[in-house]
Amino acid sequence: MNTTTKQDTATIQLNTAALISTIKAADLARGKDSSLPMLTTYRLELRDNKLQFITTDRYRLSVVSLHLDELQAANLAASGLFNDGLTLDGTLSNVAKIKTKHDTLELTITPQGLSVTYDGGTINTPAADSTFPKWRELLNNLNKPESTTGNYNPRYLADAAKACEIIAGKNKTPLNVTLRGNYPATLKTSTDGPDIVTGK
């Protein structure tokens with residue numbers, strides 16, 4: 001996976017299956033009500049060598065982290081695009097519908113949005129005009145000790161199960177599930193696959 005960068009622009013190549021499954025898993029908690037446009041968006045943040053895709057519909061929250069190598073993460077950081085994070089329009093979901101035989105997709109990220117280039121063309125997702133909710137305030141339960149018992153909302157456990165199925169894919173990759181507080185946190189065992197935090 002290669003990355004090129006200059007100030008305010010970054011180009012990165014990501015594994016096709018990992019990117020598509022990341023977007024699909026994040027989409028589980030994304031709002032679909034057009035009257036609340038800030039909840040139909042995807043928030044992208046760079047944290048600890050991971051590109052995080054965050055969505056929420058007020059009732060659910062999904063944080064899906066796509067692992068980057070150190071050079072990729074350093075180059076994305078150098079672009080300055082992720083100093084305050086980047087919020088993208090809900091049309092990013094179209095990337096999950098890409099049909100291609102290629103193992104990688106090229107992403108070009110600018111302050112104006114994100115473009116994905118593949119053998120079928122280019123999908124452009126503009127930056128969103130709306131402000132994304134302060135999602136980290138919803139994650140206070142993740143600081144609680146790990147637990148295998150507790151009271152969990154079935155709806156959010158179902159979301160975690162769906163996310164597991166998306167990430168595991170056709171090969172049904174084994175997953176390690178860690179529960180903290182009232183949040184099910186689903187972690188992929190492969191170092192290059194996405195991590196998921198989902199719940200409310």
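A brief structural summary. (Residues numbered from 1 in each chain as written. Predicted model: local features only at pLDDT ≥ 70, side-chain atom pairs only at ≥ 80, totals over all residues. Heavy atoms only, no water.)

1. Thoughts on the overall build of the protein chain
On a plain count of helices and strands, the protein chain comes out with three helices and 13 strands. Counting all 200 residues of the protein chain, 48% fall into the buried class. Once local pairs closer than 6 in sequence are excluded, the contacts in the protein chain between residues at least 24 apart make up 65%. Counting every atom, the protein chain has about 10100 Å² of accessible surface; 48% of that belongs to carbon and sulfur. (Helix = DSSP H or I, 4+ residues; strand = E, 2+ residues; numbered from the N terminus. Buried < 20%, exposed > 50% of the residue type's maximum accessible area, 1.4 Å probe, protein only. Contact = heavy atoms within 4.5 Å. Areas by Shrake-Rupley, 256 points an atom, 1.4 Å probe, with all protein chains shown as cover.)

2. Concerning unusual backbone geometry
Positive phi values are uncommon outside glycine, yet aspartate 48 reaches one of about 50°. Inspection of the secondary structure puts aspartate 48 in the loop between strand 3 (42-47) and strand 4 (50-56). With a phi close to 60°, asparagine 49 is a non-glycine residue in the positive phi region. Position of asparagine 49 relative to the elements: it lies in the loop between strand 3 and strand 4.

3. A word on helix 1 (residues 16-27)
The end-to-end C-alpha distance of helix 1, which contains twelve residues, comes to 17 Å, matching closely the 16 Å that a straight helix rising 1.5 Å per residue would cover. Regarding helix 1, the residues found buried are Thr16, Ala18, Leu19, Ile20, Ser21, Thr22, Ile23, Ala25 and Ala26. The distance from a side-chain oxygen at the start of helix 1 to the backbone nitrogen of alanine 17 is 3.1 Å, and the residue carrying that oxygen is asparagine 15. (Expected span 1.5 Å × (residues − 1). Polar contact = N/O pair within 3.5 Å; in protein donor to acceptor, adjacent residues only side chain to side chain.)

4. Overview of the nonpolar core
By size, the foremost hydrophobic cluster in this structure holds 34 residues, and its most contacted members are Leu19, Leu44, Phe53 and Leu92. Contact partners of leucine 19, with chain neighbours within four places excluded, come to Leu14, Phe53, Leu66, Val95, Leu105 and Leu107. Ranked by size, the runner-up nonpolar core spans five residues in total, among them Ile54, Leu61, Phe132 and Trp135. (Core = buried A, V, L, I, M, F, W, Y, C linked by side-chain atoms within 4.5 Å.)

5. Examining the side chain of threonine 40
With respect to the secondary-structure elements, threonine 40 resides in the loop between helix 1 and strand 3. Overall, the relative accessible area of 17% leaves threonine 40 in the buried class. Polar contacts involving the side chain of threonine 40 include one to the main-chain carbonyl oxygen of proline 37, which spans 2.8 Å. Aside from chain neighbours lying at most four places away, what touches threonine 40 is Arg30, Gly31, Lys32, Asp33 and Gly90.

6. Description of the environment of asparagine 15
Within the secondary structure, asparagine 15 sits in strand 2 (residues 9-15). Within the structure, the side chain of asparagine 15 is placed 2.9 Å from the backbone nitrogen of alanine 18, a separation counted as a polar contact.

7. A short note on the pairing of strand 4
Counting buried residues in strand 4 gives six out of seven residues, a clear majority hidden from the surface. In this structure, the hairpin formed by strand 3 and strand 4 is closed by a connection of two residues, where aspartate 48 is found at a positive phi of approximately 50°. Pairing of strand 4 with strand 5 (residues 61-67), which is carried by seven bridges, proceeds in the antiparallel orientation. In the sheet register, glutamine 52 faces strand 5, and the bridge partner there is serine 65. Remark: four residues form the turn of the hairpin made by strand 4 and strand 5, two consecutive strands paired antiparallel; arginine 58 in that turn has positive phi of roughly 85°. (Pairing = 2+ DSSP bridges.)

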